[in-house]
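Coordinates in review
Next come the chains, spelled out residue by residue.
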Amino acid sequence: GGYFGGHGGDPHDEAAEEVPRARAVERVRVRGALLDLGGLFAFLIAFFTNNLWVKEASYREQPDVAFVKRFAIKLQGVNADGHPFELAYSSVPSINTLAEGTLRVPTVTSSFTDPNLDLIPDVVRINMTFPLSDRERVHSVQAIYAMSYKLRNHVRLETEAPLAISFHSGVPGKALSIDGRLKLKVANPLPILPRVQGDADGTLLQTSRIYTSPEATIGALMQEAAAANNTVTLDPSTTAWDGAFPGCGGGCGFEVALTVRVTPEKVLYVPPFIEVAKFSWIQFLCTFIFLYIFTMPLLNFIVTNQVIQSVVRDDSAKAKII
């Protein structure tokens, strides 16, 4: 009796030991399934918030801006007899040829200042002075300046962006002063490329181009400037119009003074894949952690107290039966 009793095992005791182990395995399986559902739910939340895949990003950079000494300008007004007159000049020879009797050569000066000595101009000044007779009164100014615009930090860009100004006054003037902060306007975000991006739309006011009469008008030039992907504006800007006084004698003239202030500005760009993947993974992970912290106590309660009806399955016992 001792021989058989000492080494034998009670089948009921073995079954009693298998049931808790099977229940523990089942809890792990249920918890794993719920975690998988939580991960899927976290992905769906991150995806449908419309920020999972970043398609447009921005950063701040101060551009390198300079006046490339290409421009077109037109003055309009009336003379002492009340007849309208027009004065025009451009850096393009073919446009000056078409101007004929309205052509008048101004004195053009440009300069820049760099007070913080970072080799990037902070202020660019452009002055144009037209000689006038004592009988000419200017009421309107329209001009386009070609400005070089360079970015170096994240987006590598070298372009020539047109800057257009237009002003009209019912009172005759002797000077127009415009002071503003330069801002880049792009039709589409700039891509990140290993090479320097150039002018895809071509260069405005090319000196070697032969313009026709319809193309040489200031309206056509402004439309061409507005159609470019990269343009610059002065925003905000202040404008001052100095009235003309009669009897200026031989010292009559009209001055257009443009002051462009260059400050760090927001640059829109298309983020590369590695940047998109980084932000997408962070959003998914943060959403999953948030759900895990707030739903894990609930999952433990459901599994521990068997709120969900389940059947305990013992894979080891099934293997023994087979």
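What you see is a predicted model, and the numbers here were worked out from it, not measured in a lab.

**Topic: the environment of Lys278**
Looking at where Lys278 falls in the secondary structure, it is placed in helix 6 (residues 273–304). The spacing of Lys278 and Trp53 is 225 residues in sequence and 9.8 Å in space, taken between C-alpha atoms.

**Things to note about the pairing of strand 6 (residues 136–151)**
Counting buried residues along strand 6, 14 of its 16 residues qualify, which places the element largely inside the surrounding structure. Across 13 bridges, strand 2 (residues 64–79) lies against strand 6 in antiparallel orientation. Opposite Leu75, over in strand 6, you have Val141 as the bridge partner. As paired elements, strand 6 and strand 7 (residues 157–186) share 13 bridges and run antiparallel to each other. Within the sheet, the bridge partner assigned to Tyr145 lies in strand 7 and is Leu163. The antiparallel hairpin formed by strand 6 and strand 7 contains five residues in its connecting segment.

**A short note on the nonpolar core**
Counting 42 residues, the largest nonpolar core has Ile73, Val141, Tyr145 and Phe254 as its most contacted members. Ile73 has contacts with Leu87, Ala88, Tyr89, Met128, Phe130, Val141, Gln142, Ala143 and Val256, leaving out every residue within four places of it along the chain.

**Some details on the pattern of salt bridges**
Tallying each qualifying case throughout the model produces eight salt bridges. Among the salt bridges present, the one from Asp81 reaches Arg135, with a minimum N-O distance of 2.7 Å. With Asp81 in the loop between strand 2 and strand 3 (84–90) and Arg135 in the loop between strand 5 (123–131) and strand 6, the pair connects residues that are 54 residues apart, well separated along the chain. What makes Asp81 exposed here is its relative accessible area of 53%. A salt bridge links Glu158 to Arg152; the shortest N-O distance between them is 2.4 Å. Residues participating in the shared-partner salt-bridge network are Arg209, Glu215 and Glu224.

**Structural notes on the packing of aromatic side chains**
Under the definition given, this model contains six aromatic pairs. Ring plane angle 40° and centroid distance 5.9 Å describe the contact between Phe71 and Tyr89, whose orientation is recorded as tilted. Remark: Tyr89 occurs in strand 3 and Phe71 occurs in strand 2; sequence separation between them is 18 residues. For Phe71, a relative accessible area of 5% corresponds to the buried category. Feature note: the residues Phe67, Phe71, Tyr89 and Tyr145 constitute an aromatic cluster, connected by ring pairs.

**With respect to the sheet that holds strand 1 (residues 57–61)**
On the basis of which strands lie adjacent, the open sheet formed by three strands has the order 1-11-8 and mixed pairing. This sheet does not close on itself; its edge strands, each paired only once, are strand 1 and strand 8 (190–191). As defined by bridge partners, strand 1 adjoins strand 11 (residues 265–270) across five bridges and the pair is classed as antiparallel. Paired with Glu61 across the two strands is Glu265, which belongs to strand 11.

**So, helix 5 (residues 218–226)**
Among the residues of helix 5, those classed as buried are Ile218, Leu221 and Ala225. Looking down the long axis of helix 5, one finds its buried residues gathered within 60° of arc, a one-sided arrangement. Exposed side chains of helix 5 directed beyond 90 degrees from the buried face belong to Gln223 and Ala226. Where the residues of helix 5 are buried, they touch strand 2, helix 3 (93–99), strand 6, strand 7, helix 4 (213–216) and strand 9 (230–243).

**Let's talk about the layout of surface pockets**
If you add up the space inside the second largest pocket, you get close to 270 Å³. As for the second largest pocket, its lining consists of 17 residues, and the residues nearest its centre are Glu86, Ala88, Ile95, Ala216 and Thr217. Going through the elements one at a time, strand 2, strand 3, helix 3, helix 4 and helix 5 are the ones with two or more residues in the lining of the second largest pocket. Residues belonging to the lining of the second largest pocket are distributed by class as follows: 10 nonpolar, five polar and two charged.

Reading guide: rules and limits
- Residues numbered from 1 in each chain as written.
- Predicted model: local features only at pLDDT ≥ 70, side-chain atom pairs only at ≥ 80, totals over all residues.
- Heavy atoms only, no water.
- Helix = DSSP H or I, 4+ residues; strand = E, 2+ residues; numbered from the N terminus.
- Buried < 20%, exposed > 50% of the residue type's maximum accessible area, 1.4 Å probe, protein only.
- Pairing = 2+ DSSP bridges.
- Core = buried A, V, L, I, M, F, W, Y, C linked by side-chain atoms within 4.5 Å.
- Contact = heavy atoms within 4.5 Å.
- Salt bridge = Lys/Arg side-chain N within 4 Å of Asp/Glu carboxyl O.
- Phe/Tyr/Trp six-rings, centres within 6.5 Å; stacked < 30°, edge-to-face > 60°.
- Arc of directions from axis to C-beta.
- 1 Å grid on protein atoms, 1.4 Å probe; cavity = no way out; pocket = protein on both sides within 12 Å on 5 of 7 lines; lining within 4 Å.
- Points joined across faces, edges and corners; volume = space filled by probe spheres on them.
- Nonpolar A, V, L, I, M, F, W, Y, C, P; charged D, E, K, R; others polar.

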